[in-house]
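Chain by chain, the residues:
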Amino acid sequence: MCELMEQLSELSVSPLIPSLPNDVTLDIVARVPRSHYPTLSLVSKSFRKLIASSKLYKRRSQLGINQHRLFAVLRNSNSGDFSLYILHRKLNCTNRLVYAFNDIDVLSIDCTSHTVHPIADIPQRMAYKVVNAVGKKVYVLGDSFCHVIEEGGGWWKGWRKAVTVFDAETQSWGAKLVKEDMAIGLGPFWSDSVVMEGKVYMKGCINRNSFVYGPVGKKWEVMDEVMNSKDWEGACVVDDVLYYHDCSEKAVLRAFDPKQRCWSVVSGLEEFLAAETAKSKWCDAVSYGEKKLALFFPKKHEGSKVICCAEIALERRQGGEIWGKMESCDVVVDDGVSELVKCVAVTV
């Protein structure tokens, strides 16, 4: 990194590189690994402006050198405060969750410049909401209270499925749509939700309350009984296959292929998971690029409570069997008070 600074320190004049056209300079910087951008932005005001420019990221996309960034929301168990962190590879080549900002509410986050902007609150009231992005739209799905119904010899609140959409391009909310013929009574709580094959899958804490929403056609369906047969939580989707860490019997990484309509266990990770995650009370998986996921889990390390992150490469071998390879495993937070709330991967 020091060598990179020395090479660029003499370029801190405007234009960026006097001997080169700015479009050539743009191409050069676009090819620099994004992990160097914080240092490059310190070279000069011109470099700082370039690093924050949308043109730079558009050019990176055109060159096909986008990189995956992982954002995590952590909660301080002592204060109850929420903060946003970014997974960052430090100079010693280990991953670390680096603090970005706190006071998280309803925000629109520019992942290229790490700037945030408030957005309007959801205009329609819904209960037990889950939030998922499909393309450039954010779908908020939940329940809309309808009336009190009689069920099983008692009286219960009746809920119907509802959805409202936030358009990321127009920064506006659409009207709430209620599925009038889909009502439930008991326990409309969600244990998890994912996007797979362009649809939102909502796993209920009670199996009969698991549903699928298809934005195309605005269709509600009952979840496939095979997919619903496992209590998946902290799941992610990689290449339209769902993965989650199952510690109900022994620590394994399970996969559900919607095309084959079957569950399988990812091979090659048995020793690692048994040693590192067997005693974890929770594990959260997040898609981390093509054929790769990141697995977050808590553990005791040198007497303190820490959060670890393992990067796992996935491979489908001949015959359809899925194998995993642990590429790295690092302690990413060691303050003893942080709890993982949500993690999201983006491409920039």
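Calculation rules
- Residues numbered from 1 in each chain as written.
- Predicted model: local features only at pLDDT ≥ 70, side-chain atom pairs only at ≥ 80, totals over all residues.
- Heavy atoms only, no water.
- Salt bridge = Lys/Arg side-chain N within 4 Å of Asp/Glu carboxyl O.
- Helix = DSSP H or I, 4+ residues; strand = E, 2+ residues; numbered from the N terminus.
- Buried < 20%, exposed > 50% of the residue type's maximum accessible area, 1.4 Å probe, protein only.
- Pairing = 2+ DSSP bridges.
- Axes fitted to C-alpha atoms, helices over the stretch in contact; angles between N-to-C directions.
- Core = buried A, V, L, I, M, F, W, Y, C linked by side-chain atoms within 4.5 Å.
- Contact = heavy atoms within 4.5 Å.
- Arc of directions from axis to C-beta.

Turning to the pattern of salt bridges, a few remarks are in order. The full count for this structure, using the stated rule, is 14 salt bridges. In this structure, Lys136 engages Glu169 in a salt bridge whose closest nitrogen and oxygen atoms are separated by 3.1 Å. Here Glu169 lies in the loop between β8 (154–167) and β9 (172–173) and Lys136 lies in the loop between β6 (127–134) and β7 (137–151), a separation of 33 residues in the sequence. You can call Lys136 exposed: its relative accessible area is 57%. A salt bridge links Lys292 to Glu327; the nearest nitrogen and oxygen atoms lie 2.9 Å apart. Within this pair, whereas Lys292 is found in strand β20 (residues 292–301), its partner Glu327 is found in strand β22 (residues 322–333), the two being separated by 35 residues in sequence. Overlapping salt bridges bring together Asp27, Arg31 and Arg59 as one network.

Our next topic: the sheet that holds strand β19 (residues 284–287). Taken together, the four strands give an open sheet; going across it, the order is β19-β20-β21-β22, and neighbouring strands pair in antiparallel fashion. Looking at which strands have only one partner, the edges of the open sheet turn out to be β19 and β22. With strand direction ignored, the average angle separating the axes of adjacent strands in the sheet is 25°. Judged from the 10 bridges that link them, β20 and strand β21 (residues 304–316) form a sheet pairing that is antiparallel. Opposite Leu295, over in β21, you have Ala310 as the bridge partner.

Grouped together as the largest cluster of nonpolar side chains are 22 residues, with contacts concentrated most on Tyr243, Val266, Leu293 and Leu295. Of all elements in the fold, only β15 (236–238), β16 (241–246), β17 (252–257), α6 (270–276), β20 and β21 reach the threshold of two or more residues within this core. Broken down by element, the residue count for this core peaks at five residues, all from β21. Sequence-distant contacts of Val266, that is, excluding residues within four places in its chain, are made with Tyr243, Leu253, Ala255, Leu314, Ile322, Trp323 and Gly324. By size, the runner-up hydrophobic cluster in this structure holds 16 residues, among which are Leu70, Leu97, Ala294 and Val333.

In this section: helix α2 (residues 22–30). Note that an α-helix has 3.6 residues per turn; residues three or four places apart therefore point the same way. Three or more residues of α2 are buried, namely Thr25, Leu26, Val29 and Ala30. Looking straight down α2, one finds its buried side chains confined to an arc of 135°; they lie on one side. On the buried face of α2, the contacting elements are α3 (37–40), α4 (45–51) and α5 (54–63).

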